[in-house]
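# Topology and contacts: notes
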Number of protein chains: 2
Amino acid sequence: MSHELTDRQKLILNLVIHEYVQTAQPVGSQNLVERFSLDMSSATVRNEMVSLTESGLLRQPHTSAGRIPSEEGYRYFVSRLAGSAELPQTTQRTISHQFYQMRYDVEQWMRLAASVLAHQSRSASLVTAPHPEQARFKHMELISTRGRQVLMVLVTAGGEIHQSMLTLPEPVTQGRLSQVANHITELAQGCQIEALKGLRAKLDALEVDVLDLIVREIGQADALKAGEVYLDGLTNVLAEPEFSGSDEARRALKVLEERSMLEDLLARTVLMNDVGGVQVLIGGEGTWEDLRQVSIVLARYGSPGLATGTLGVLGPIRMPYGRAISTVRFVAGLLSDLVVDSLGG
Amino acid sequence: MSHELTDRQKLILNLVIHEYVQTAQPVGSQNLVERFSLDMSSATVRNEMVSLTESGLLRQPHTSAGRIPSEEGYRYFVSRLAGSAELPQTTQRTISHQFYQMRYDVEQWMRLAASVLAHQSRSASLVTAPHPEQARFKHMELISTRGRQVLMVLVTAGGEIHQSMLTLPEPVTQGRLSQVANHITELAQGCQIEALKGLRAKLDALEVDVLDLIVREIGQADALKAGEVYLDGLTNVLAEPEFSGSDEARRALKVLEERSMLEDLLARTVLMNDVGGVQVLIGGEGTWEDLRQVSIVLARYGSPGLATGTLGVLGPIRMPYGRAISTVRFVAGLLSDLVVDSLGG
DNA sequence: TTTAGCACTCTATGCCCTCGAGTGCTAAAA
DNA sequence: TTTTAGCACTCGAGGGCATAGAGTGCTAAA
């Protein structure tokens, strides 16, 4: 679908996004031709826009308005951006300098990282402190309760007990549940979250479902232990025109402020990922009602065996993704170095 | 002026404030009589309202609307409230418990304090970390520049140099300035901020002006050193109806987020005060443009010679002052105890 | 001194209208 | 076949206008 775009269509999609990110206004064909001195007529642009709209990459707010990028459009844009852009050298140096001229103090690093992210991306930023110990899986039980509802009891090496309800696609006997629990307990004995993810290949469908729940629970436990969350630039988001006169922004920022929501968010997204990669969550991805109007760029930093944390920015969907992604990636790299330097080899 | 209110006028003022704080709607006479089953007619209430409006304690948003409290009205209300209300015993215990069951960790205390303040008052909260060392005055110079403009150079015991411009009410010769500088230098040698304030009685008018500037400068230096600022509940403010569809809230919250603004605010208000007292700043008090639509309840905590910090809440002018003040006072007392227990005797 | 009665004021709300940016389509031009 | 000029059409933003209702201030009676 999306891969079959002509070069001209890609150009126009890029220009529409570029323009809309700046102006926050629907982009018209005429407007586009003039602004960029395009070598074609507005009618041609309109025709291309029709294709792009049919492909689902552009939207019309109403019949007689210009186009704005759809969430799908942003995703396509972001996917083609992957890894390409780097923060300007001078900016990199300025930021590095700030970190390295600081004494060794994790709290200061966190605050500085949050501040840098917020200022560079003009969005809200969040940084969680790195935490050295990851929970290790020790034991699990699955208990059939009623129909497809199953209670999972999870014990970690530290002795903490976690409970969670799981709804299966179809009823399963207690015998089968015990079998699954034993199988996973045997395989996953002593595993940290990273290792758990690697087990998926050895399991059947039902077991994979259970494993994902375990990963989420342990991830949440890790996030909890991570403790401190550093926020900055919340007011940047409020300054965006799309949020004047609605409480969409408040609801999104509340996710950052409330531990429980944030833990859920982090557990389900970035904790599933490896360190290094940058993850982009556009418009809540249909899952998070409160995040429908915003996008989040997240990355993990640190060193898996040693200590890891999460950082990212939150802004309107109409976000300058290039800059946001490169900033997040750069700061994550920087913090990773600092963590490794100070803790590890 | 305000002291000459009849009991009935005080009652009506209280009711109007009580009602307006809840509904955020101008309060009409009829409405008030019905809601509180008053033993008088709406016409009587209207007559009293006219008096209160003439006294400047109530306002009419427009000719044919109900009344809302003026800032003066809130001030009167708050002044008559001083010290009276206490947080319910059960609430006090709940909060204390949370603090005392925590291990000794200042950062955790700060976060918990910010969280408690935000939740109890449903406003934004701020807490600055206690810092043990206060700057000590060492030396000062006053240099006449042009007309009534005077440059003050201030040296603290640590060797930091602070400069600040001072505008005098009338021109003063360099000779007199030097005399003032010498006098203050002599008296204030080695003094911390608290001791400086005690010197006011020994000084003449001009010298008091200069001293206040010194106190502010040193206070700002202290605030700077204090470093960490903990915020919570910023989104609570955004949920207030008076802020939907304007960026007044954003501008006020920005004051909390931006170090420089916050330092200015704290230096000029609460740092002038003694530990223990709660200070209420209503509608920016005509000084802070960005705070025109909000009120702030602040207190210092800690022990003057040992370590002090600042905490408070920020909400709409239409704030439940009783609850806010008692919460701030209680948490300040609690943190003071913790600081004294852990650092001092 | 209090209260009923009443004319008056002003906002909020809904409706209608116009204006204009932008569209989609068609037919001609390249 | 592709591009473009031309044109009728659509729809939201925004201004003007009338209406409804809450609340006032004043006057005169209780």
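As the structure is a computational prediction, the values presented were derived from the model and not from experiment.

Quick notes on the rules
- Residues numbered from 1 in each chain as written.
- Chains lettered and ligands numbered in written order.
- Predicted model: local features only at pLDDT ≥ 70, side-chain atom pairs only at ≥ 80, totals over all residues.
- Heavy atoms only, no water.
- Helix = DSSP H or I, 4+ residues; strand = E, 2+ residues; numbered from the N terminus.
- Buried < 20%, exposed > 50% of the residue type's maximum accessible area, 1.4 Å probe, protein only.
- Contact = heavy atoms within 4.5 Å.
- Areas by Shrake-Rupley, 256 points an atom, 1.4 Å probe, with all protein chains shown as cover.
- Lys, Arg positive; Asp, Glu negative; His and termini not counted.
- Charge placed at Lys NZ, Arg CZ, Asp CG, Glu CD.
- Salt bridge = Lys/Arg side-chain N within 4 Å of Asp/Glu carboxyl O.
- Pairing = 2+ DSSP bridges.
- Axes fitted to C-alpha atoms, helices over the stretch in contact; angles between N-to-C directions.
- Near = heavy atom within 4 Å.
- Polar contact = N/O pair within 3.5 Å; in protein donor to acceptor, adjacent residues only side chain to side chain.
- Nonpolar A, V, L, I, M, F, W, Y, C, P; charged D, E, K, R; others polar.
- Parallel < 35°, antiparallel > 145°, perpendicular 65-115°, else oblique.
- Least-squares fit on C-alpha atoms with pLDDT ≥ 70 in both.
- Buried area = accessible area lost by both parts, 1.4 Å probe.
- Phe/Tyr/Trp six-rings, centres within 6.5 Å; stacked < 30°, edge-to-face > 60°.
- Lys NZ or Arg CZ within 6 Å of the ring centre and 35° of its normal.

Check the secondary structure of chain A and you find 13 helices and ten strands. Evaluated residue by residue, chain A yields a buried proportion of 52% over its 345 residues. In chain A, of all internal contacts separated by at least 6 residues, the share reaching a separation of at least 24 is 60%. Approximately 15,600 Å² of chain A is accessible, and the part contributed by carbon and sulfur atoms is 49%. With 32 positive and 40 negative side-chain charges, chain A shows a separation of 2 Å between the mean positions of the two kinds.

Pairs can form between side chains of opposite charge whenever their charged atoms are close. Under the criterion given, the structure shown has 34 salt bridges over all chains. Between glutamate 71 of chain B and arginine 75 of chain B there is a salt bridge, with its nearest N and O atoms 3.6 Å apart. Placement of both glutamate 71 of chain B and arginine 75 of chain B in helix 4 (residues 71-79) is noted, with a separation of four residues, approximately one turn of the helix. The exposure class of arginine 75 of chain B is partly exposed, given its relative accessible area of 25%. Among the charged side chains, a network of salt bridges with common partners joins Glu71, Glu72, Arg75 and Glu285 of chain A.

Next up on the list: the sheet that holds strand 6 (residues 161-167) of chain A. All names here are of chain A. Judged by pairing direction, the sheet is antiparallel, and its three strands sit side by side in the order 4-5-6 without closing on themselves. Each edge of the open sheet is held by one strand with a lone partner, namely strand 4 (137-146) and strand 6. Each strand of the sheet is rotated relative to its neighbour by a mean of 20°, with strand direction disregarded. Both strand 5 (residues 149-156) and strand 6 contribute to a ladder of seven bridges, which runs antiparallel. Looking at the pairing, leucine 154 lines up with histidine 162 of strand 6. The sheet strands contacting helix 7 (residues 174-188) are strand 4 and strand 5, and the helix crosses strand 4 at an angle near 170°.

Note that alanine 299 of chain B resides in strand 9 (residues 294-303). Here the alpha-carbon distance between alanine 299 of chain B and glutamate 289 of chain B, two residues ten residues apart in the chain, equals 22 Å.

Moving on: the protein's contact with DNA strand D. Surveying the vicinity of DNA strand D reveals 21 residues, the closest of which are Arg8, Ser41, Thr44 and Ser64 of chain A together with Ser29 of chain B. Restricting the count to atoms of DNA strand D within 4 Å of the protein gives a sugar and phosphate share of 78%. Arginine 8 of chain A has a polar side-chain atom sitting 3.0 Å from a phosphate oxygen of DNA strand D. Here a phosphate oxygen of DNA strand D and a side-chain polar atom of threonine 44 of chain A are 2.3 Å apart. Grouping the constituent residues of the surface near DNA strand D by class yields five nonpolar, twelve polar and four charged.

For the rest of this paragraph, the subject is the packing of helix 11 (residues 248-257) of chain A against helix 12 (residues 259-268) of chain A. Residue and element names in this part refer to chain A. In contact at an axis separation of 5 Å, helix 11 and helix 12 are set at 85° when each is read in the N-to-C sense. Between helix 11 and helix 12, the interaxial angle falls into the category roughly perpendicular. Counted together, Lys254, Val255, Leu256 and Glu257 of helix 11 and Arg259, Met261, Leu262 and Leu265 of helix 12 form the full contact between these two elements. Within the contact of helix 11 with helix 12, the residues separate by chemical class into five nonpolar, no polar and three charged.

A few words now on the side chain of serine 70 of chain B. All names here are of chain B. Along the polypeptide, serine 70 turns up in the loop between strand 2 (68-69) and helix 4. For serine 70, a relative accessible area of 5% puts it in the buried group. Polar contacts involving the side chain of serine 70 include one to the main-chain carbonyl oxygen of glycine 56, which spans 2.5 Å. If near-sequence neighbours (up to four positions away) are discounted, serine 70 is found in contact with Gly56, Leu57, Leu58 and Arg59.

The two copies are related by a screw operation: chain B maps onto chain A through 178° of rotation and 0.0 Å of translation along the axis, at an RMSD of 0.4 Å. In short, the pair behaves as if placed about a two-fold rotation axis. Nearest to the rotation axis, the C-alpha of glycine 245 of chain B is located 1.6 Å from it, this being the minimum over chain B. In this assembly the copies share their binding face: 100% of the residues contributing to the interface of chain B also contribute to that of chain A.

A separate point is unusual backbone geometry. Even without being glycine, alanine 24 of chain A reaches a positive phi, approximately 65°. You can see alanine 24 of chain A is positioned in the loop between helix 1 (7-23) and helix 2 (29-36). Despite not being glycine, glutamate 285 of chain B shows a phi value in the positive range, around 50°. A relative accessible area of 31% means that glutamate 285 of chain B is categorised as partly exposed.

Contacts between the two partners involve 17 residues from chain B and, on the opposite side, 17 residues from chain A. Taken over both partners, the interface formed by chain B and chain A buries close to 1,600 Å², and the fraction arising from carbon and sulfur atoms is 46%. Looking only at chain B, the three residues that lose the most surface to chain A are Thr235, Arg250 and Glu257 of chain B, adding up to 34% of its buried area. At the boundary of chain B and chain A, one finds two salt bridges. Of the charged contacts in the structure, one is a salt bridge between arginine 111 of chain B and glutamate 228 of chain A, with a shortest N-O distance of 3.0 Å. Joining chain B to chain A, the criterion identifies 14 residue pairs in polar contact (both at pLDDT 80 or more). Put simply, the parts of the chain that give the side of chain B that touches chain A at least two residues each are helix 6 (106-121), strand 7 (229-232), helix 10 (234-238) and helix 11 (248-257) of chain B. Element by element, the count of residues in the side of chain B that touches chain A is highest for helix 11 of chain B, at four residues.

Let us now look at the packing of aromatic side chains. A complete count under the given rule lists two aromatic pairs over all chains for this structure. Seen in terms of ring centroids, tyrosine 74 of chain A and tyrosine 321 of chain A are 5.5 Å apart; in terms of plane orientation they differ by 50°. Their pairing is tilted. Of the two residues, tyrosine 74 of chain A sits in helix 4 (residues 71-79) while tyrosine 321 of chain A sits in helix 13 (residues 321-343), which places them 247 residues apart along the sequence. Taken as a pair, tyrosine 74 of chain A and tyrosine 321 of chain A share a single burial class, namely buried. Over the ring of tyrosine 230 of chain B we find arginine 111 of chain A, and its NZ or CZ is 4.8 Å from the ring centre.

Let us look at the protein's contact with DNA strand C. Lining the immediate surroundings of DNA strand C are 20 residues, of which Ser29 and Arg67 of chain A together with Ser41, Thr44 and Ser64 of chain B lie closest. Each atom of DNA strand C within 4 Å of the protein was assigned to sugar, phosphate or base; sugar and phosphate come to 77%. Note that a phosphate oxygen of DNA strand C is positioned 3.3 Å from one of the side-chain N or O atoms of threonine 63 of chain B. Secondary-structure elements contributing two or more residues to the surface near DNA strand C are helix 3 (42-54) of chain A together with helix 3 (42-54) of chain B. Within the surface near DNA strand C, the residues separate by chemical class into four nonpolar, twelve polar and four charged.

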